There are 2 protein chains.
Amino acid sequence: MGKYVLNFSQGSKEMKRDLGGKGASLAEMTKIGLPVPPGFTITTPACLQFYENNQKLWDKIKTEIILELEGLEKVNQKGFGDPVNPLLISVRSGAVISMPGMMDTILNLGLNDETVIGLANATNNPRFAYDSYRRFIQMFSDVVMQIPKYLFEQVLDKIKLHKNYQSDIELTEDDLLQVVLEYKKIYKKELGFDFPIDPLEQLFLAVEAVFKSWNNPRAIIYRNINDIPHDLGTAVNIQSMVFGNMGETSGTGVAFTRNPSTGENKLFGEFLVNAQGEDVVAGIRTPKSINELQEFLPEVYNQFIDITNILENHYSDMQDIEFTIEKGKLYILQTRNGKRTANAAINIAVSLVLENKISKDEAIMRVDPKQLDQLLHPNFNETEMKQVKVLTSGLPASPGAASGKIYFTAEDVVSAKERGEKSILVRQETSPEDIEGMLYAEAILTSRGGMTSHAAVVARGMGKCCIAGCSELIVDEVAKQLTIGDLILNEGDIISLDGINGNVYLGHLSTVDVEMTGNFGLFMSWVDNYKLLKVRANADTPTDAEIAVTLGAEGIGLCRTEHMFFDEERIFHVRKMILAKTKDERQIALDKLLDMQIADFVGIFKKMEDRPCTIRLLDPPLHEFLPKKDEDIKKLANDMQISEAEIYKRIVDLQEFNPMLGHRGCRLAITYPEIYLMQTEAIIEACLQIKDHKITPEIMIPLIADKIEFKSIKDELKSKIKQILTDKNEDLNYLIGTMIEVPRAALCADEIAEEAEFFSFGTNDLTQLTYGFSRDDSNIFLKEYLNKNILPKDPFQVLDQKGVGKLMDIAINAGKKTNPLLKIGICGEHGGEPSSVEFCHKLGLNYVSCSPYRVPIAKLAAAQAAIKGEDHDRI
Amino acid sequence: MGKYVLNFSQGSKEMKRDLGGKGASLAEMTKIGLPVPPGFTITTPACLQFYENNQKLWDKIKTEIILELEGLEKVNQKGFGDPVNPLLISVRSGAVISMPGMMDTILNLGLNDETVIGLANATNNPRFAYDSYRRFIQMFSDVVMQIPKYLFEQVLDKIKLHKNYQSDIELTEDDLLQVVLEYKKIYKKELGFDFPIDPLEQLFLAVEAVFKSWNNPRAIIYRNINDIPHDLGTAVNIQSMVFGNMGETSGTGVAFTRNPSTGENKLFGEFLVNAQGEDVVAGIRTPKSINELQEFLPEVYNQFIDITNILENHYSDMQDIEFTIEKGKLYILQTRNGKRTANAAINIAVSLVLENKISKDEAIMRVDPKQLDQLLHPNFNETEMKQVKVLTSGLPASPGAASGKIYFTAEDVVSAKERGEKSILVRQETSPEDIEGMLYAEAILTSRGGMTSHAAVVARGMGKCCIAGCSELIVDEVAKQLTIGDLILNEGDIISLDGINGNVYLGHLSTVDVEMTGNFGLFMSWVDNYKLLKVRANADTPTDAEIAVTLGAEGIGLCRTEHMFFDEERIFHVRKMILAKTKDERQIALDKLLDMQIADFVGIFKKMEDRPCTIRLLDPPLHEFLPKKDEDIKKLANDMQISEAEIYKRIVDLQEFNPMLGHRGCRLAITYPEIYLMQTEAIIEACLQIKDHKITPEIMIPLIADKIEFKSIKDELKSKIKQILTDKNEDLNYLIGTMIEVPRAALCADEIAEEAEFFSFGTNDLTQLTYGFSRDDSNIFLKEYLNKNILPKDPFQVLDQKGVGKLMDIAINAGKKTNPLLKIGICGEHGGEPSSVEFCHKLGLNYVSCSPYRVPIAKLAAAQAAIKGEDHDRI
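Residues numbered from 1 in each chain as written. Chains lettered and ligands numbered in written order. Predicted model: local features only at pLDDT ≥ 70, side-chain atom pairs only at ≥ 80, totals over all residues. Heavy atoms only, no water.

Caption draft 1: Just the overall build of chain A, in detail. The number of helices and strands found in chain A is 36 helices and 31 strands. Computed over the C-alpha atoms, the radius of gyration of chain A is 32 Å, within 12% of the 29 Å expected from 2.2 N^0.38 for a compact globule of 875 residues. Looking at chain A as a whole, 60% of its 875 residues are labelled buried. Contacts in chain A between residues at least 24 apart in sequence constitute 69% of all its contacts with a sequence separation of at least 6. A total accessible area of about 35,100 Å² is found for chain A, and carbon and sulfur atoms account for 49% of it. (Helix = DSSP H or I, 4+ residues; strand = E, 2+ residues; numbered from the N terminus. Rg over C-alpha atoms; globule rule 2.2 N^0.38 Å. Buried < 20%, exposed > 50% of the residue type's maximum accessible area, 1.4 Å probe, protein only. Contact = heavy atoms within 4.5 Å. Areas by Shrake-Rupley, 256 points an atom, 1.4 Å probe, with all protein chains shown as cover.)

Caption draft 2: Seen up close, the sheet that holds strand β3 (residues 89-95) of chain B. All names here are of chain B. Spatially, β1-β2-β5-β3-β4 is the arrangement adopted by the 5 strands of the open sheet, whose pairing is antiparallel. Either end of the sheet is taken by a strand with one partner, and the two such strands are β1 (5-7) and β4 (105-109). On average, each strand axis in the sheet is tilted by 20 degrees relative to the strand beside it, whichever way the strands run. Bridge analysis of β3 against β4 gives 3 bridges, and the strand direction is antiparallel. Across the sheet, V91 pairs through a bridge with I106, a residue of β4. (Pairing = 2+ DSSP bridges. Axes fitted to C-alpha atoms, helices over the stretch in contact; angles between N-to-C directions.)

Caption draft 3: Geometry of the environment of V535 of chain A. All names here are of chain A. The residue V535 is located in strand β24 (residues 534-538) in this model. In this structure, the C-alpha to C-alpha distance between V535 and G825, residues 290 residues apart in sequence, is 9.3 Å. Leave out the neighbours within four places in its chain, and V535 touches G552, A553, E554, G555, V848, C850, V855, A858 and K859.

Caption draft 4: Geometry of the interface of chain B and chain A. Chain B puts 45 residues into the contact, and the matching count from chain A is 45 residues. The tally of links from chain B across to chain A stands at 4 salt bridges. With a closest N to O distance of 2.9 Å, E751 of chain A and K802 of chain B form a salt bridge. Elements represented by at least two residues in the side of chain B that touches chain A include exactly α27 (666-671), α29 (707-728), α30 (743-747), α32 (763-771), α33 (779-787) and α34 (804-818) of chain B. The residue inventory of the side of chain B that touches chain A, partitioned by class, reads 21 nonpolar, 11 polar and 13 charged. (Salt bridge = Lys/Arg side-chain N within 4 Å of Asp/Glu carboxyl O. Nonpolar A, V, L, I, M, F, W, Y, C, P; charged D, E, K, R; others polar.)

Caption draft 5: Focus on the packing of helix α6 (residues 149-163) of chain B against helix α7 (residues 173-191) of chain B. All names here are of chain B. Packing of α6 against α7 brings their axes to within 10 Å, and their N-to-C directions diverge by 150 degrees. By the angle between their axes, α6 is roughly antiparallel relative to α7. For the pair α6 and α7, the sense of crossing is right-handed. Seen from α6, the contacting residues are L151, F152, V155, L156, I159 and K163; seen from α7, they are D175, Q178, V179, E182, Y183, I186 and E190. Taken together, the residues of the contact of α6 with α7 sort by class into 8 nonpolar, 1 polar and 4 charged. (Parallel < 35°, antiparallel > 145°, perpendicular 65-115°, else oblique. Left-handed = near helix turned anticlockwise from the far one by under 90°.)

Caption draft 6: Quick look at the sheet that holds strand β21 (residues 494-498) of chain A. All names here are of chain A. Taken together, the 8 strands give an open sheet; going across it, the order is β12-β22-β21-β14-β15-β16-β17-β13, and neighbouring strands pair in mixed fashion. Strand pairing shows two members of the sheet lacking a second neighbour, β12 (390-393) and β13 (395-398), which therefore form its edges. Taking the axes of each pair of neighbouring strands and ignoring which way they run, one obtains an average angle of 30 degrees across the sheet. Strand direction decides the pairing type here: strand β16 (residues 443-446) and strand β17 (residues 465-468), joined by 3 bridges, are parallel. Bridge pairing in β17 links A443 to C465. Its contacts with the sheet put helix α17 (residues 410-418) on β14 (401-407) and β15 (423-427), and the angle it makes with β15 is roughly 175 degrees.

Caption draft 7: Structural context of helix α20 (residues 518-530) of chain B. Residues and elements named next belong to chain B. In this model α20 runs 19 Å from its N-terminal to its C-terminal C-alpha over 13 residues, within 8% of the 18 Å that 1.5 Å per residue would give. Regarding α20, the residues found buried are F520, F523, M524, W526 and V527. Buried residues in α20, looked at end-on, bunch into an arc of 155 degrees, giving them a common side. More than 90 degrees from the buried face of α20, the exposed residues found are G518 and N529. (Expected span 1.5 Å × (residues − 1). Arc of directions from axis to C-beta.)

Caption draft 8: Layout of the packing of aromatic side chains. Residue and element names in this part refer to chain A. Applying the stated rule across the entire model yields 42 aromatic pairs over all chains. Relative to F195, the ring of Y187 lies with its centre 5.0 Å away and its plane at 75 degrees, an arrangement referred to as edge-to-face. Given the relative accessible area of 0%, Y187 is considered buried. The cationic tip of K13 hangs over the ring face of Y315; the distance from NZ or CZ to the ring centre is 5.9 Å. Over the ring of Y847 we find R536; its NZ or CZ atom is 3.9 Å from the centre of that ring. (Phe/Tyr/Trp six-rings, centres within 6.5 Å; stacked < 30°, edge-to-face > 60°. Lys NZ or Arg CZ within 6 Å of the ring centre and 35° of its normal.)

Caption draft 9: Spotlight on the pairing of strand β9 (residues 319-326) of chain B. Residue and element names in this part refer to chain B. Burial runs high along β9: 8 of the 8 residues are buried. Residues Q319, I321, F323 and I325 of β9 are buried on one face, and the alternating residues D320, E322, T324 and E326, pointing to the opposite face, are buried as well. Relative to β9, strand β6 (residues 251-256) is paired through 6 bridges, and the arrangement is antiparallel. Its bridge partner lying in β9, V254 is registered against E322. Counting the residues in the hairpin turn of β9 and strand β10 (residues 329-337) gives 2 residues, including K327, whose phi is positive at 45 degrees.

Caption draft 10: Up close: the environment of C666 of chain A. If you trace the backbone, C666 of chain A turns up in helix α27 (residues 666-671). Classification of C666 of chain A by relative accessible area gives buried; the value is 0%. Not counting residues within four places of it along the chain, the set of residues in contact with C666 of chain A comprises Y676, I701, P702, L703, I704, E709 and I713 of chain A together with Y785 of chain B.

Caption draft 11: Representation of the confidence of the model for chain A. Here chain A averages 90 in pLDDT, while 96% of its residues score no lower than 70. Here the predicted complex scores 0.79 on pTM and 0.78 on ipTM. (pLDDT = per-residue confidence, 0-100.)

Caption draft 12: Examining the relation of the copies chain B and chain A more closely. Take chain B, turn it by 180 degrees, move it 0.2 Å along the axis, and it overlays chain A with an RMSD of 0.3 Å. Both copies of the chain, as the preceding transformation shows, are related through a two-fold rotation axis. Measuring from the rotation axis to each C-alpha of chain B, the shortest distance belongs to N658 of chain B, at 2.0 Å. Interface overlap between copies: 100% of the residues of chain B at the interface are likewise at the interface in chain A, consistent with a symmetric, same-surface contact. (Least-squares fit on C-alpha atoms with pLDDT ≥ 70 in both.)

Caption draft 13: Here's a closer look at unusual backbone geometry. Positioned with a positive phi, K327 of chain A is a non-glycine residue whose angle comes to about 45 degrees. In this structure, K327 of chain A sits in the loop between β9 (319-326) and β10 (329-337). The class of K327 of chain A is partly exposed, set by a relative accessible area of 46%. Backbone geometry places N164 of chain B, a non-glycine residue, at a positive phi of 60 degrees. Of note, N164 of chain B is situated in the loop between α6 and α7. We classify N164 of chain B as exposed; its relative accessible area is 58%.

Caption draft 14: Summary view of the packing of helix α24 (residues 583-608) of chain A against helix α28 (residues 673-689) of chain A. Residues and elements named next belong to chain A. Running from N to C, α24 and α28 cross one another at 35 degrees; their axes reach a closest spacing of 8 Å. Note that α24 runs across α28; the crossing there is right-handed. Between α24 and α28, the residues in contact are K583, R586, Q587, L590, L593, L594, Q597, I598, F601, V602 and F605 and E674, I675, M678, Q679, E681, A682, I683, E685, A686, C687 and Q689, respectively. When the residues that make up the contact of α24 with α28 are grouped by side-chain class, the tally is 13 nonpolar, 4 polar and 5 charged.

Caption draft 15: Region of interest: the state of the cysteines. All names here are of chain A. Applying the stated rule across the entire model yields 0 disulfides over all chains. With no disulfide of its own, C748 lies closest to C666 among cysteine sulfurs, the gap being 13 Å. Look at C748 and you get buried, because its relative accessible area is 4%. (Disulfide = S-S within 2.5 Å.)

Caption draft 16: Summary view of the side chain of N347 of chain B. Within the fold, N347 of chain B resides in helix α13 (residues 342-354). A distance of 2.8 Å separates a polar side-chain atom of N347 of chain B from the backbone oxygen of T262 of chain B. (Polar contact = N/O pair within 3.5 Å; in protein donor to acceptor, adjacent residues only side chain to side chain.)

Caption draft 17: Region of interest: the pairing of strand β22 (residues 503-506) of chain B. All names here are of chain B. Sheet topology places strand β12 (residues 390-393) next to β22; 3 bridges connect them, and they run antiparallel. Counterpart to V390 in the pairing with β22 is Y505. Relative to β22, strand β21 (residues 494-498) runs antiparallel, the two being bridged by 4 bridges. Opposite D498, over in β22, you have N503 as the bridge partner. What sits between β21 and β22 in their antiparallel hairpin is a turn of 4 residues, with G502 showing a positive phi close to 85 degrees.

Structure representation (structure tokens):
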């Protein structure tokens, strides 16, 4: 094992795996000569070793840390714990993949009752020294010792109330001395022992706390949400403190080299005068725009502009830069690729290509497919929007548009979600504890904080609409009330947020669709050139089909014919068909449905032109179509001239203990062959009615488990089709294939492929049966499985590559062995989920099919998979 | 392609695949010089070719048939269609594997209005000639043309009534001439054309009819029931007619070389004087014992005895021989290995070994494991039996004992089965149309027919209790009434049959278990020496465990702990546990259950001594335990001091759409860890209480789908066990393993085996999930699947080797790769089904586990698999 502790001067950006993102960037910036406060990094392998070592630091690493500290003392000409000229340091986590707000930070470490005096003397600013000290005690108590923050806030609030101060800045040296004494009392009262005075003890406790924070519940949830492995560990960065709170020529800020919301190539940032970094991120004070720095400290501003250009060119990407100005001297504390909205991501990627800074495939790799979702969500209807009241406006922190009921705590949002309600999380400001609520809310509204506040950053990451710093709002999280002027809104009231302009509307607003134009259109044309997988859409109606084509779908992968059956006009005939006592009666009802289905298919085929269309024959169990309400039963009984009792009896007859495993899919075709024959006739008739372009319909039989089962249905359909074509003296190419959604079909795919012309993986059912998890019932325990980290992901959202994926692999290999021309696709929910699309690419599928709005996401994921795949063989 | 038609003199017993069983035996008997009427066989490849040729005979085969006919004419010195000296022939089916009563036969073929006169003159017996002719027309019309039999019966009945005859024998030549005229009228009326007068046309139509009968529904059902492939085809045997109805020195009969019911080494058979073979098989006349032949025709009797000895020695097995005596001359028409009861099978096999005629492994191969079931069914309680009324007695045609409701048609039995009722099929006589009813009835009772009647033969084959020829009974199948003297029984009344002594009892009788002694015990000891698989039993109680040990179980493969929960005393505490609002409340209920479960396990462990025991922790969803009746809910509410509404609410909360895929098995352990901890504690405590022998309990976690899921539960159980053992300062070996019943567990078995110490395939659930068939709901469509031959077998009864078996194979290979010491068994219903046991042997499992009564069946199947396997490598 090599060294666990590396000086910034020893690292580079390539060493991210060991140094973490922040450590690697500090080292890189040091290497290229930028003004970085000196420091060193404790590596991620040290973190893993820490967990091996029962969560304790060991002697060797302590020695390494002490050695580096001595180096810091030398270069700063200060002493760690020196009462005259004390060295203060920051201790920050730095994971390999950025986890904003997840990991903990401690500033001003090294202060105690003695060094605080040294700091006061050295800076000639006792107020600053005591303010730093009280901040340090508060942060250390919170982060290292988990003492509740509010205990400390109360002390500050009491003094401010007592002295009638408006803000913290009014606190005097004496006030702060008093605060420090109170803080130390709280510490002792809560823990039973004194605040540690030995700076080295402070440091080791802080390092341990950072390491431990890797596995705090918030961090685990964040990693689960963001697909970050749990075994990376975090690095710890120890850095000499610089102070943004040393008076009016000091300050601290955050800037993006381009606009993170729009992608505009213009510096975008904020700073606070006389403040430490945490003040910016926490969003407690509303900061100034970075442009104001020019008037304020023009030289520093110019130096900063130069550095931002250097950094963006160095990393060939938009940078998110943290800086501090200590008494007029600029320090760069961090740079990283900036988080951005999907819109910005595309605009930046396209611009960088046009500026010849990156290649097209690099541009494609720069945009997170999951994020595209934002662009594909509809916006509010413009006309409606003009008719409703704008309640207030805030910062358009993350784009999108959403309506929902307001809730004031993350827990309430989660409960609302469980009840199936759409909700908007309203908070003064969000904190990492709110992550789950943010995930489940449609949108987030805060009264405090800027564009880089916790709420804004996390919402953008999630691709979720957010309006931040909406200062007219008074948010009472305890009373669960929102006040805007005279208006009081209560929990459950509906509002709408427009994340593009920051407007908050009263009531519900409907939405309209977006178009694929401009940079987005250009970007998607590059994507189309790189991807190998075709991307189709799941579409059941001409409207769906039209949206799908607009969003670039290359065909329909799944047209669910039963959705047509549920149509209000038709359900009546469907019910008559089911309740028919004779084959003739059933045929009369089916004949009515036939004409309707022909019209459906004609509508869809017209929209799809010559793109391929896969039509799945009836899948759900028949009882789903029967009436449930007494009035409907009565109406049906009257019309059919049978007793209501008879209908009730039939409903009871058709009930099943486990309908998901029951009489549905192709099993209906075995018992009621007429239904599939009618649907097949409708498909063929519709094809014959289309004269403008050539359709090759793909007729798909669901729930097949066996070759003979498939063949017996296929033979019936083929003879029906032959009869129609002969009668009309017409010719038509068509394919008959099957869903692979029952494990046995995957296991016996070699036999089935002898008869089937295509396979389409129905990964919803396949997941259900492979795990034995009912989608309808498993929520209760699946939640526990995810919370307890027993499952890394909900397998209904992200394809389970180990189990379900193995079945797919078996099916593909077996199917292609007996039928090398077999066409293979996927039409489960997973067809639009990026990691699942990548897996499908690796498996060598012909296409994925997903909901129309996810088509661009699937395309981008497919292109990225193809680009990654150039270095790797297909599995 | 060689010849499709072979003379008897050209074949041998080795050519069964082409000649069918009957053809091969006729050829073999011809070869060894026995008196077989000359003839030839149309081969099974001809039958397959017939189906290829659109079910028509083709020229080449017709030529071959005509050539062989000419040979027959020569050797018999008669002419086919010759009006003076006509050759008559029989046409019989002959499948490779015997299918009694399934295939069709035509006798006296070659008769027409001219040849009948020739026959009358040649035999000087016009009455015989016309009787033969009318029989031929009737048989041909039925078998070849499907004209309903009753139309012909009516004619006969009318004449008999009119002339006041008691039996057919009283019909005169003139009567029969009249009958023939009437029969031909019926033929023409039904079909619109005349009865064929050309003997060659008769023959070709008959051959086609035999070939077609291979695929009649009865034949298909028989093959499904008896595991006979559908692609074997049948041969057709054409043989010169000999006549058992040529007067008082003629006759026909059937004999077994040993007693087919007991196995006793004594000729056992029956014959009818002046009759054709069909009269014996149909059971219309009650025949005489074979011994009476000695007085009647002593020379023929002696010759027959010699032949039976030759045949039994030749085939080294008990033979079932058909013979005809034509005017004092003996002809052997057929020999085959005789069907026998399980009891007889074992006694014969053991005797043949003791007589040094076969080896022990041959003896083991001679007994059909499925048949053993008969021996393992309990008999009636002797004391009870003495107290109930014997209604009547019949022939003890097939052993066993059963009680049930009486039904008079196969359809009614099937409906009763669907309602879950046990039924007894009561018929005047059974026919092939009754097969399905016979399969589903507990037992069969007929008023007519002997020990070789259809009912008797089929029931013995099925291992089903049957009392035949119960002549005191008057069975009215239309009124659905049974009359015995003054007593009238109606459909649904309960009777009991004892197949050992032939007694019929009124009402229900309870049963006692059988013992494994005598030849059965000896035979099973041989079986134990040959088999490689261990055979365990599924047992949930000390009583089960005791029966299991008696029947030879080598351990418990599945102890379902939830069966203990359903006990009336306990269910109350189980409900309290489920409804508990706090962990403490739940713990109190669990503590009560703990003591009960300890007692359960102590009881079982005592019975099992040092045999291994696998205990499965709680599996079913909790809602199964909640009360359903209002009174139970009320009682529970009172006791728990909560409102009934609250209990109803909880019941609704726990309801699931697809409980089979829901919150059950190990998923309960993730949400309510206390339950498995209690059960584990009970197992460990019970082991510690047993001091006489050493228990190594195998704790089995159900429904595992993932390694981490398994590990998290295992770790909790292990730490609980460690705590118990430390507290008590005790030591105990134990294993923790898992069911493999979710497809994903099989697919990820390599990972799971890193943690699990054993696997047990739960093939019930695994079949359910692999097919996506709910056991509770799939009956409706599964029946259609079997009827339509889409599935060859009910996969819940016979393991699906292609799909489910493939998953097992994957799991075994993957599991053994990461854990070579992994112990693997099976505990689904399939563990006692012979073909599934053979498959488990081939897969290399360590054991199978089945219900106690199936243990000897599984053992025999395992031994047979091992014996067969000596010639084959394990797959």
